[in-house]
Amino acid sequence: MDFVGVSKRFDKSGPAVLDGIDLSVRSGEIVGIIGPSGAGKSTLARLINGLERPTGGQVFVHGAEHSRASERELNRLRTDIGMIFQQFNLFNSRTVAGNVDFALKVAHFPKAKRRSRIDELLDFVGIADKADQWPAALSGGQKQRVGIARALATSPSTLIADEATSALDPQTTSDTLKLLRRINSDLGTTIVVITHEMDVIRDVCESVAVLDHGRLVDHGDVYSVFERPTSDVTRGLLRHAVAGVPDADALATLRARHPGLLATVSVRDDGAVRGHQDATFDLPAAVAERGARSTVIAGGISDIAGRPFGALTYEITGDATSVDAARAQLVRIDGVVVHEETKQ
Ligand SMILES: Nc1ncnc2c1ncn2[C@@H]1O[C@H](COP(=O)(O)OP(=O)(O)OP(=O)(O)O)[C@@H](O)[C@H]1O
């Protein structure tokens, strides 16, 4: 999937909702599109399935240029793109099986094979026992599984999940994201995850594109973007998803409880601290060598694309000479931030 210099205006004299987007998505990857409300995420998704056309640039999906396709060609191309939504968009007047059947009918799937295809799909998403239930009798997570089964009915090579977990509780979100990963690994489906939550990106995506006011402000594999965000929007979104260097408010709270010297160590791949020659730099050991003690008081380590990522904040205590010696060592290490108390 390729976006080449894509722009979109709904009104000729109005603002650009998307502005000069250059973005490539590899076939078979899970990519996240994230950004604050109004950033242009849903518009980008609608360009992928041809519900909107760009006012500038080109959109290619599986080699076909969507931006130029006729309405007829678009209809055919759309059968190769499944969509799932925050509000599930199920037909309440049809059973679970009936909802999936509808997608098969629309795609002219052979009638004789429909029942077995429905059973296969419901089994795959884990709700085989709900085939004859009505949507109203299902939980949010089960409804989303029906939505997913329906979106997969025609074996699309791309699935767009537009805020698909935003209405779900944390456990159901986690189960749904696991299902998306299984769809990707078992069926090879390219998945575009539209979200405003960095936790979702962290838990399921391989690459991420960050939108702000219609512009692409960060893009790359998830680990790199988490490690080196280049925009304030990305940094703001990350604050809630991974532990980092505490901001001024968090630091004030920590200081109120911990009078010692405070220092934060970034935890990166293999525990290595970037820029430090000894990849196993160990703050507690370094501090102990100088006769001081260290205690973890804040932080966390997440798993991002199978690699550790996070930060740990320590309080360093002991006699003044030992703490000063520890401080002198720590300020020289890249990846360690020593929080000096500013004198009033
Ligand atoms: N059909 C339309 N006509 C006019 N303006 C539109 C249309 N669709 C979207 N917009 C505008 O485009 C901008 C981006 O909207 P979009 O829905 O793509 O953002 P989003 O990032 O998905 O936001 P949210 O997270 O709130 O869903 C908004 O300012 C919105 O008002």
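Cut-offs used in this document
Residues numbered from 1 in each chain as written. Predicted model: local features only at pLDDT ≥ 70, side-chain atom pairs only at ≥ 80, totals over all residues. Heavy atoms only, no water. Phe/Tyr/Trp six-rings, centres within 6.5 Å; stacked < 30°, edge-to-face > 60°. Helix = DSSP H or I, 4+ residues; strand = E, 2+ residues; numbered from the N terminus. Buried < 20%, exposed > 50% of the residue type's maximum accessible area, 1.4 Å probe, protein only. Lys NZ or Arg CZ within 6 Å of the ring centre and 35° of its normal. Axes fitted to C-alpha atoms, helices over the stretch in contact; angles between N-to-C directions. Parallel < 35°, antiparallel > 145°, perpendicular 65-115°, else oblique. Left-handed = near helix turned anticlockwise from the far one by under 90°. Contact = heavy atoms within 4.5 Å. Nonpolar A, V, L, I, M, F, W, Y, C, P; charged D, E, K, R; others polar. Near = heavy atom within 4 Å. Polar contact = N/O pair within 3.5 Å; in protein donor to acceptor, adjacent residues only side chain to side chain. Areas by Shrake-Rupley, 256 points an atom, 1.4 Å probe, with all protein chains shown as cover. Core = buried A, V, L, I, M, F, W, Y, C linked by side-chain atoms within 4.5 Å. Domains from an automatic or database assignment. Buried area = accessible area lost by both parts, 1.4 Å probe. Salt bridge = Lys/Arg side-chain N within 4 Å of Asp/Glu carboxyl O. Pairing = 2+ DSSP bridges. UniProt positions renumbered as here; feature names shortened; annotations may be inferred.

## Here's the deal with the packing of aromatic side chains
For step 1, the next point in the chain: Applying the stated criterion across every chain, the model contains three aromatic pairs.
For step 2, the next point in the chain: Measuring from centroid to centroid gives 5.5 Å for Tyr223 and Phe309, while their planes differ by 90°, and the two rings are edge-to-face. Note that Tyr223 is positioned in helix α8 (residues 222-227) and Phe309 in strand β13 (residues 307-317), a separation of 86 residues in sequence.
For step 3, the next point in the chain: When the centroid spacing of 6.0 Å and the interplanar angle of 80° are considered together, the rings of Phe226 and Phe309 count as edge-to-face. Placement of Phe226 in helix α8 and of Phe309 in strand β13 is noted, with a sequence separation of 83 residues between them. Side by side, Phe226 and Phe309 carry an identical accessibility label, which is buried.
For step 4, the next point in the chain: Counting every residue linked through ring pairs, the aromatic cluster contains Tyr223, Phe226 and Phe309.
For step 5, the next point in the chain: Taking the ring centre of Phe91 as reference, the NZ or CZ of Arg94 above it sits at 5.3 Å.

## Re the packing of helix α5 (residues 140-152) against helix α6 (residues 170-187)
For step 1, the next point in the chain: Viewed as axis vectors pointing N to C, α5 and α6 meet at an angle of 20°, and their least axial separation amounts to 10 Å. By the criterion of interaxial angle, the relationship of α5 to α6 is roughly parallel. Between α5 and α6 lies a crossing whose hand is right-handed. Residue-level inspection shows Gly141, Gln144, Arg145, Ile148 and Leu152 of α5 in contact with α6, the latter providing Thr172, Asp175, Thr176, Leu179, Leu180, Ile183 and Leu187.
For step 2, the next point in the chain: Looking at the contact of α5 with α6 residue by residue, the class counts come to six nonpolar, four polar and two charged.

## Quick look at the site of the ligand
For step 1, the next point in the chain: Near the ligand, the surroundings consist of Phe10, Val17, Pro36, Ser37, Gly38, Ala39, Gly40, Lys41, Ser42 and Thr43.
For step 2, the next point in the chain: At a separation of 3.1 Å, an oxygen atom of the ligand approaches a polar backbone atom of Ala39.
For step 3, the next point in the chain: Between an oxygen atom of the ligand and a main-chain N or O atom of Ser42, the distance comes to 2.9 Å.
For step 4, the next point in the chain: If the ligand stood free it would expose 630 Å²; the protein chains cover 53% of that surface.
For step 5, the next point in the chain: Across the shell around the ligand, the residue classes tally to four nonpolar, five polar and one charged.

## Structural notes on the nonpolar core
For step 1, the next point in the chain: Leu180 and Phe226 are the most contacted members of the largest nonpolar core, which totals 50 residues.
For step 2, the next point in the chain: Apart from the residues lying within four places of it in its own chain, the contact partners of Leu180 are Ile84, Ile148, Leu159, Ala161, Ile191 and Val204.
For step 3, the next point in the chain: Residues Val59, Ile81, Val192 and Ile194 belong to the second largest nonpolar core, which totals 23 residues.

## A closer look at the domain arrangement of the chain
When the parts of a complex come together, some accessible area is lost, and that lost area is often taken as the interface size.
For step 1, the next point in the chain: One can read the domain layout of the chain as domain 1 (2-239) and domain 2 (248-339).
For step 2, the next point in the chain: For domain 1 versus domain 2, the separation of C-alpha centres amounts to 40 Å.
For step 3, the next point in the chain: Counting residues at the interface gives six residues for domain 1, matched by nine residues for domain 2.
For step 4, the next point in the chain: A buried area of about 760 Å², summed over both sides, lies between domain 1 and domain 2, and 61% of it is on carbon and sulfur atoms.
For step 5, the next point in the chain: Its largest share of buried area at the contact with domain 2, domain 1 owes to Arg202, Tyr223 and Glu227, together 73% of the area lost on that side.
For step 6, the next point in the chain: Counting across the interface, domain 1 meets domain 2 through zero salt bridges.

## Brief notes about the pattern of salt bridges
For step 1, the next point in the chain: For the structure on display, the rule yields 16 salt bridges.
For step 2, the next point in the chain: Between Arg26 and Glu29 there is a salt bridge, with the nearest N and O atoms lying 3.4 Å from each other.
For step 3, the next point in the chain: Residue classification places Glu29 among the buried positions, given a relative accessible area of 3%.
For step 4, the next point in the chain: Residue Arg327 is joined to Glu340 by a salt bridge in which the shortest nitrogen-to-oxygen separation is 2.9 Å. Here Arg327, found in helix α12 (residues 320-330), pairs with Glu340, found in the segment after β14 (336-339); they are 13 residues apart in sequence, far enough to count as distant.

## Concerning the sheet that holds strand β9 (residues 207-212)
For step 1, the next point in the chain: Spatially, β6-β7-β8-β3-β9-β10 is the arrangement adopted by the six strands of the open sheet, whose pairing is mixed. Either end of the sheet is taken by a strand with one partner, and the two such strands are β6 (81-85) and β10 (215-221). Averaged over neighbouring strand pairs, the angle between their axes works out to 15° when direction is ignored.
For step 2, the next point in the chain: As paired elements, strand β3 (residues 30-34) and strand β8 (residues 190-195) share five bridges and run parallel to each other. Following the sheet pairing, Ile33 is matched in β8 by Ile194.

## Here's the deal with the UniProt feature "domain: ABC transporter" (unreviewed entry) in the chain
For step 1, the next point in the chain: Here, the residues flagged by UniProt with the feature "domain: ABC transporter" (unreviewed entry) are residues 1-238.
For step 2, the next point in the chain: Taken end to end, residues 1-238 comprises 39% helix and 24% strand; its first and last C-alpha atoms sit 26 Å apart.

## A few points about the environment of Gly140
For step 1, the next point in the chain: Structurally, the position occupied by Gly140 is in helix α5.
For step 2, the next point in the chain: The class for Gly140 is partly exposed, based on a relative accessible area of 28%.
For step 3, the next point in the chain: Residues Gly140 and Asp221, spaced 81 residues apart in sequence, show a C-alpha to C-alpha distance of 31 Å.
For step 4, the next point in the chain: Residues in contact with Gly140, not counting those within four places in the same chain, are Phe88 and Leu168.

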